[in-house]
Amino acid sequence: MACVERCRCCAESRRHSSILYNILRSEERAAWPAGQGPRRGQASRGCPCGSRRRVALRSPQVACKAASAVLVKTLRFVQNVPCFQELPLDEQLLLVRSCWAPLLVLGLAQERVHFETVESAEPSMLQRILTTRRQDEQTPPRGPAPGRPHHGPGGPHLPSAGEIQAIKGFLAKCWSLDISTKEYAYLKGTVLFNPDLPGLQCTQYIEGLQREAQQALNEHVRLIHRGPSLEQ
């Protein structure tokens, strides 16, 4: 059955359409020789079969503490954006709930948070069946407690090695670009003000805010990285 499943990471490049991904991809394309792209078969060599292995944090307490601090700092940044404060409360909640994860990753990159992972042995199918049956016999059926995530028979979901490698690759790319504090702020603005979310009422206003953040980012990058001849 596993033989007929297609490897997820082979199709990963077709799924990415976010602003952050396009920015990083444009930087990568600029490094290719003129008229050339990646060699045929190059993507397949970076597609290991072990990318589906489940992994866990090596030091979960340290990593979670650092991530929590970054998340709090990110939410404070969002709350202090004047244009964001002018939006209705339900619009603010909708924007934050939809983009807190990419904002957190940007915060991890800005604060240069490192984390290590270790392989986690997944229980076999027989072990899952026996464990689930034993729990059903000992515990009366009831719904999940309010505010707590519901996990399946296999326990809490663990990310795959491929997913973690994608996050680490993104962080390494941000660190190699040496992104400034202003650039991170503009990037967060383009991610935060997403007018394509269903349920938004102030779509035109939010779209204008996103456009302003993108223009400010482009102008800042052009000003910082322009050649000496343009300054004369």
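This structure is a prediction, so every number in the text was calculated from the model and none was measured. (Residues numbered from 1 in each chain as written. Predicted model: local features only at pLDDT ≥ 70, side-chain atom pairs only at ≥ 80, totals over all residues. Heavy atoms only, no water.)

**Overview of the overall build of the protein**
The following threshold applies: Runs of H or I in DSSP of at least four residues are treated as helices and runs of E of at least two as strands, each being numbered from the N terminus. Summary of the burial criterion: residues with accessible area below 20% of their type's maximum are buried, those above 50% are exposed, and those between are partly exposed, where the area comes from a 1.4 Å probe applied to protein chains only. Residue exposure ignores everything except the shown protein chains as possible cover, and the areas themselves are Shrake-Rupley values with a 1.4 Å probe.
In terms of regular secondary structure, the protein is built from 10 helices and 2 strands. By residue count, 23% of the 232 residues in the protein fall in the buried class. For the protein, the exposed area adds up to about 16900 Å²; of that, 54% sits on carbon and sulfur atoms.

**Describing the nonpolar core**
Put simply, the rule is: Residue types Ala, Val, Leu, Ile, Met, Phe, Trp, Tyr and Cys, when buried and joined through side-chain atoms within 4.5 Å, form a set referred to as a nonpolar core. Here, two residues are considered to be in contact whenever any of their heavy atoms come within 4.5 Å of each other.
Counting residues in hydrophobic clusters, the biggest one holds 33 residues, and the most contacted among them are F84, L95, L171, L192 and F193. When residues of this core are traced back to their parent elements, those giving at least two are helix 3 (60-79), helix 5 (89-110), helix 7 (161-177), helix 8 (181-192) and helix 9 (203-225). Looking at which element gives the most residues to this core, the answer is helix 5, with 7 residues. Excluding anything up to four places from it in sequence, L95 contacts F84, L87, L192, F193, N194, L197, L200 and I206.

**Examining the packing of aromatic side chains**
Each pair of aromatic rings is reported with the distance of its centres and the angle of its planes. Counted only if it meets this: To pair, rings of Phe, Tyr and Trp, with the six-membered ring standing in for Trp, must have centres within 6.5 Å; the planes then decide the type, stacked if under 30 degrees apart, edge-to-face if over 60, and tilted in the middle. Only when the NZ atom of a Lys or the CZ atom of an Arg is both within 6 Å of the ring centre and within 35 degrees of the ring normal do we say a charge sits over the ring.
Applying the stated criterion across every chain, the model contains 0 aromatic pairs. Lying across the ring of F115, K168 places its NZ or CZ 5.5 Å from the centre.

**What about the pattern of salt bridges?**
Keep this limit in mind: One speaks of a salt bridge when a side-chain nitrogen belonging to Lys or Arg is within 4 Å of a carboxyl oxygen belonging to Asp or Glu.
Following the criterion strictly, the structure yields 3 salt bridges and no others. Residues E116 and K168 are paired through a salt bridge, measuring 3.7 Å at the closest nitrogen-oxygen approach. Of this pair, E116 sits in the loop between helix 5 and strand 2 (117-119) while K168 is found in helix 7, placing the two residues 52 residues apart along the sequence. Between R211 and E207 there is a salt bridge, with the nearest N and O atoms lying 3.5 Å from each other. Within this pair, R211 and its partner E207 are both found in helix 9, separated by 4 residues, close to a single helical turn. Look at R211 and you get partly exposed, because its relative accessible area is 40%. You can call E207 partly exposed: its relative accessible area is 38%.

**Description of the environment of T190**
Our working definition: Distance and chemistry together define a polar contact, namely a pair of N or O atoms within 3.5 Å, with one atom able to donate a hydrogen and the other to accept it when in protein, and with adjacent residues in sequence counting only for side-chain atoms on both sides.
Relative to the helices and strands, T190 is located in helix 8. Sequence spacing of T190 and Q210 is 20 residues, and the spatial spacing of their C-alpha atoms is 4.9 Å. Within the structure, T190 has its side chain in polar contact with the backbone oxygen of L187 (distance 2.6 Å).

**Focus on helix 3**
In plain terms, the rule: Here a helix's expected span is defined as the number of its residues, less one, multiplied by 1.5 Å. Throughout, the arc means that of the directions going from the helix axis to the C-beta atoms.
For helix 3, spanning 20 residues, the distance from its first C-alpha to its last is 28 Å, which sits close to the expected 28 Å at 1.5 Å a residue. The set of residues buried in helix 3 consists of A63, V70, T74 and V78. In a view along the axis of helix 3, the buried residues occupy a sector of 80°, so they form one face of it. More than 90 degrees from the buried face of helix 3, the exposed residues found are Q61, V62, K65, R76 and Q79. Residues of helix 3 that are buried sit in contact with strand 1 (55-57), helix 4 (82-85), helix 5 and helix 8.

This is a description of form; function is not addressed.
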